[in-house]
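Listed here are the chains, written in short residue letters.
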Amino acid sequence: MADRSLRGIRLGAQSLQSEEGVVFMERTQYTYHCASCDRDTTLTFAADAEAPETWECRGCGGEALLKVDGGTVEVDHSGDKAPRTHWDMLLERRTLPELEEILAERLEFVRARRGAGEDTRAKSA
């Protein structure tokens, strides 16, 4: 029995399938240029896939533009919306005078609580 030991493999370490008979998709390489760090990045996509106009630069994290015919594509950012902040949403519901009034009420409430809390501490000490 010792001469016939069973050997196993780790799970997920190797595939028991071979690449025999596998037909790979045609591929196309696209180059992206980052103007911030002046770096070119070449990426491989499937031939039938549409390449995005922009890609995140691996060097600086900036926006790299797709190179086409020796130049880069023009990207239209006019449709991009600026993210709304909490302040923007608050101003949609209330006016500045209303917000100032609410702030004054809350400050008065907090100051009254602090004053009451200090009085009870002083009496118990």
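Residues numbered from 1 in each chain as written. Predicted model: local features only at pLDDT ≥ 70, side-chain atom pairs only at ≥ 80, totals over all residues. Heavy atoms only, no water.

This part covers the side chain of Thr41. By secondary structure assignment, the location of Thr41 is in strand β2 (residues 39-46). On the basis of relative accessibility, which here comes to 7%, the residue Thr41 falls in the buried class. Discounting residues that sit within four places of it in the chain, Thr41 has contacts with Tyr30, Thr31, Tyr32 and Arg58. (Helix = DSSP H or I, 4+ residues; strand = E, 2+ residues; numbered from the N terminus. Buried < 20%, exposed > 50% of the residue type's maximum accessible area, 1.4 Å probe, protein only. Contact = heavy atoms within 4.5 Å.)

Another aspect to go through is the confidence of the model for the chain. Should the pLDDT be low somewhere, the predicted coordinates at that spot are not to be read in detail. Overall, the prediction assigns the chain a mean pLDDT of 83, with 80% of residues at 70 or greater. Confidence, read as mean pLDDT per element, is least for strand β5 (residues 71-72) in the chain (80) and greatest for helix α1 (residues 86-93) (93). (pLDDT = per-residue confidence, 0-100.)

A few words on the packing of aromatic side chains. For any pair of aromatic rings, the description consists of the separation of the ring centres together with the inter-plane angle of the planes. Under the defined criterion, the tally for this structure stands at three aromatic pairs. Judged by centre distance (5.8 Å) and plane angle (80°), the ring pair of Phe45 and Trp55 falls under edge-to-face. Separated by ten residues along the polypeptide, Phe45 in strand β2 and Trp55 in strand β3 (residues 54-56) bring together distant segments of the chain. Classification of Phe45 as buried rests on a relative accessible area of 16%. Residue Trp55 is classed as partly exposed on the basis of its relative accessible area, which comes to 32%. Joined through ring pairs, the aromatic side chains of Tyr30, Tyr32, Phe45 and Trp55 make up one cluster. Directly above the ring of Phe24 sits Arg27, whose terminal nitrogen or CZ lies 5.7 Å from the centroid. (Phe/Tyr/Trp six-rings, centres within 6.5 Å; stacked < 30°, edge-to-face > 60°. Lys NZ or Arg CZ within 6 Å of the ring centre and 35° of its normal.)

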